[in-house]
Amino acid sequence: MKFELPALPYESGALEPVIGKQTVELHHGKHFQAYITNLNNLIAGTKYESMELVDIVKDSDGPIFNNAGQALNHTIYFSSFSPKGGGAPSGKLADAINAQYGDFENFKKEFNAAATTVFGSGWAWLSKDANGKLVISKEANGSNPVVNGLTPLLGFDVWEHAYYLDYQNRRPDHVTALWSIIDWKAVESRY
Ligand code: MN
């Protein structure tokens, strides 16, 4: 198998109460694993078999795009949390956030607005463009900002499977809570 499920960098219950143990186990062990398994099956014997994941997302469509996109999305997503996370970014990323959004609180407000208004299944993303300019975007279903030439830094998964066991319909509460487990060092490393 070409692609493998990345191991979690924390215990499955370590993000409680922000994300419950059962949610992490189902989301990582079942949903994420299924995207990886589906992708491997779909690319077997195609030109995508020898390509990097990001390049598959940029080049493909249909089922291969859906599963490659979700494989990339969840790789970034699960690596962006830490039980010791939270607080605010520092360094160059903090400077860029302050320059573009005024301050971190206002940035979070704008990001939360994007995350809570994705209609149906999808993602909210913070990305950077080729000049380091930050972009907040909404992506439907399994898409990723790489399709628009951007580099993804942080993504909030707002598919119901990401929060329904813990928050039911209260997506805004889930989105607000996520900030307390963000591993900013991981996010800054992508900037
Ligand atoms: Mn998901």
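Criteria and thresholds
Sequence order sets the numbering: in each chain, residues are counted from 1 along the sequence as written. Reporting of local features is limited, given that this is a predicted model, to residues whose pLDDT is at least 70; pairs of side-chain atoms are given and counted only at 80 or more, and all residues count toward the totals for whole chains, interfaces and linings. For the side-chain quantities, the full set of heavy atoms in the structure was used; hydrogens and water were omitted. Domain boundaries shown here were taken from an automatic or database domain assignment. In what follows, a contact means two residues having at least one pair of non-hydrogen atoms within 4.5 Å. When two parts are brought into contact, each loses some accessible area as probed by a 1.4 Å sphere; the total of that loss over both is the buried area. The rule for a salt bridge is simple: a side-chain nitrogen of Lys or Arg has to be within 4 Å of a carboxyl oxygen of Asp or Glu. By the criterion applied in these results, polar contacts are pairs of N or O atoms within 3.5 Å in which, for protein atoms, one can donate a hydrogen and the other can accept it, and in which residues neighboring in sequence qualify only through two side-chain atoms. Helix and strand labels come from DSSP, where a helix needs a run of H or I of at least four residues and a strand needs a run of E of at least two; each type is numbered from the N terminus. Grouping buried Ala, Val, Leu, Ile, Met, Phe, Trp, Tyr and Cys residues that are joined through side-chain atoms within 4.5 Å yields what is termed a nonpolar core. When accessible area is computed with a 1.4 Å probe and restricted to protein chains, residues below 20% of their type maximum are described as buried, those above 50% as exposed, and intermediate ones as partly exposed. Donor atoms are limited to N, O and S found within 2.8 Å of the metal ion, a distance that becomes 3.2 Å for Na, K and Ca. With water left out, some sites might look partial. If DSSP finds at least two bridges between two strands, the strands pair. What counts as an axis is a line fitted to C-alpha atoms, over the stretch in contact for a helix, and the angles between N-to-C directions run from 0 to 180 degrees. Here the expected span of a helix is defined as 1.5 Å times the quantity of residues minus one. Throughout, bend refers to the angle between the axes fitted to the seven residues that end at a position and the seven residues that start at it. Grid spacing is 1 Å over the protein atoms alone, the probe is 1.4 Å, and a cavity is where that probe fits but cannot get out, while a pocket is an open set with protein on both sides within 12 Å along at least five of seven lines and lining residues have an atom within 4 Å of a point. Grid points are joined across faces, edges and corners, and a volume is the space filled by probe spheres set on the points. The nonpolar class holds Ala, Val, Leu, Ile, Met, Phe, Trp, Tyr, Cys and Pro. Asp, Glu, Lys and Arg form the charged class, and all remaining residues, Gly among them, are polar.

Peer 1: I'd like a rundown of the domain arrangement of the protein, residues and numbers included.
Peer 2: Under the domain assignment used here, the protein contains domain 1 (21-78) and domain 2 (91-190). For domain 1 versus domain 2, the distance between C-alpha centres works out to 20 Å. Residue-level contacts link 18 residues of domain 1 with 18 residues of domain 2. Interface area, domain 1 with domain 2, both sides summed: about 1,500 Å², of which 63% is carbon and sulfur. At the junction of domain 1 and domain 2, the tally comes to zero salt bridges. Counting the contacts that link domain 1 with domain 2 gives nine residue pairs in polar contact (both at pLDDT 80 or more). Counting residues per element, the ones that place at least two in the side of domain 1 that touches domain 2 are helix 1 (21-43), helix 2 (53-59) and helix 3 (62-78).

Peer 1: Provide a residue-level description of the nonpolar core, including the pertinent values.
Peer 2: As a rule of thumb, soluble globular proteins bury nonpolar side chains together. Ranked by size, the top nonpolar core spans 54 residues in total, and within it Ile19, Phe81, Phe107 and Trp184 carry the most contacts. Among the elements that line this core, the one with the most residues is helix 3, at eight residues. When we break this core down by domain, the ones giving at least three residues each are domain 1 (21-78) and domain 2 (91-190). The residues touching phenylalanine 107, leaving out its near neighbours within four places in the chain, are Ile97, Tyr101, Leu126, Ile136, Trp179 and Trp184.

Peer 1: Explain the coordination of the manganese ion to me, and be specific about the residues and the numbers.
Peer 2: Around a metal, the perfect tetrahedron of four donors has angles of 109.5 degrees, and the perfect octahedron of six donors has angles of 90 or 180 degrees. Bound to the manganese ion are the protein donor atoms His27 (NE2), His74 (NE2), Asp157 (OD) and His161 (NE2), situated 1.9 to 2.1 Å from the metal. Between the donor residues of the manganese ion, the gaps in sequence give the motif H-x46-H-x82-D-x3-H. Here histidine 74, found in helix 3, pairs with aspartate 157, found in strand 3 (residues 151-157); they are 83 residues apart in sequence, far enough to count as distant. Of the two residues, histidine 74 and aspartate 157, both sit in the buried class.

Peer 1: Give me the lowdown on the sheet that holds strand 3, citing residues and values where you can.
Peer 2: Read across the open sheet, the three strands follow the order 2-1-3; overall the sheet is antiparallel. Edge positions in the sheet fall to strand 2 (134-140) and strand 3, since each of these pairs with one other strand and no more. Neighbour to neighbour, the strand axes of the sheet diverge by 25° on average, direction disregarded. Inspection of the sheet shows strand 1 (residues 122-128) paired to strand 2 by seven bridges, in the antiparallel sense. By the bridge assignment for strand 2, alanine 124 is matched with lysine 138.

Peer 1: Explain helix 1 residue by residue, including any values.
Peer 2: Helix length check: helix 1, at 23 residues, gives a terminal C-alpha distance of 32 Å against a target of 33 Å (1.5 Å per residue), a fit within 8%. The largest bend along helix 1 reaches roughly 30° and is located at histidine 27. Here helix 1 has its buried residues at Thr23, Val24, His27, His28, Phe32, Tyr35, Ile36, Leu39, Asn40 and Ile43. As for helix 1, its buried residues are in contact with helix 2, helix 3, strand 3 and helix 6 (164-167). Immediately beyond the C-terminal end of helix 1, within one or two residues, lies glycine 45, with a positive phi of roughly 80°.

Peer 1: How would you summarise empty space enclosed by the protein if you had to cite specific residues and measurements?
Peer 2: Counting across every chain of the model gives one cavity of 30 Å³ or more. Considered as a void within the structure, the largest cavity measures approximately 30 Å³ in volume. The wall of the largest cavity is formed by Leu15, Ile19, Thr23, Val24, His27, Tyr77 and Phe78. Only helix 1 and helix 3 provide two or more residues apiece to the lining of the largest cavity. Here the lining of the largest cavity takes three residues from helix 1, the largest share from any one element. Residue composition of the lining of the largest cavity, by class: five nonpolar, two polar and no charged.

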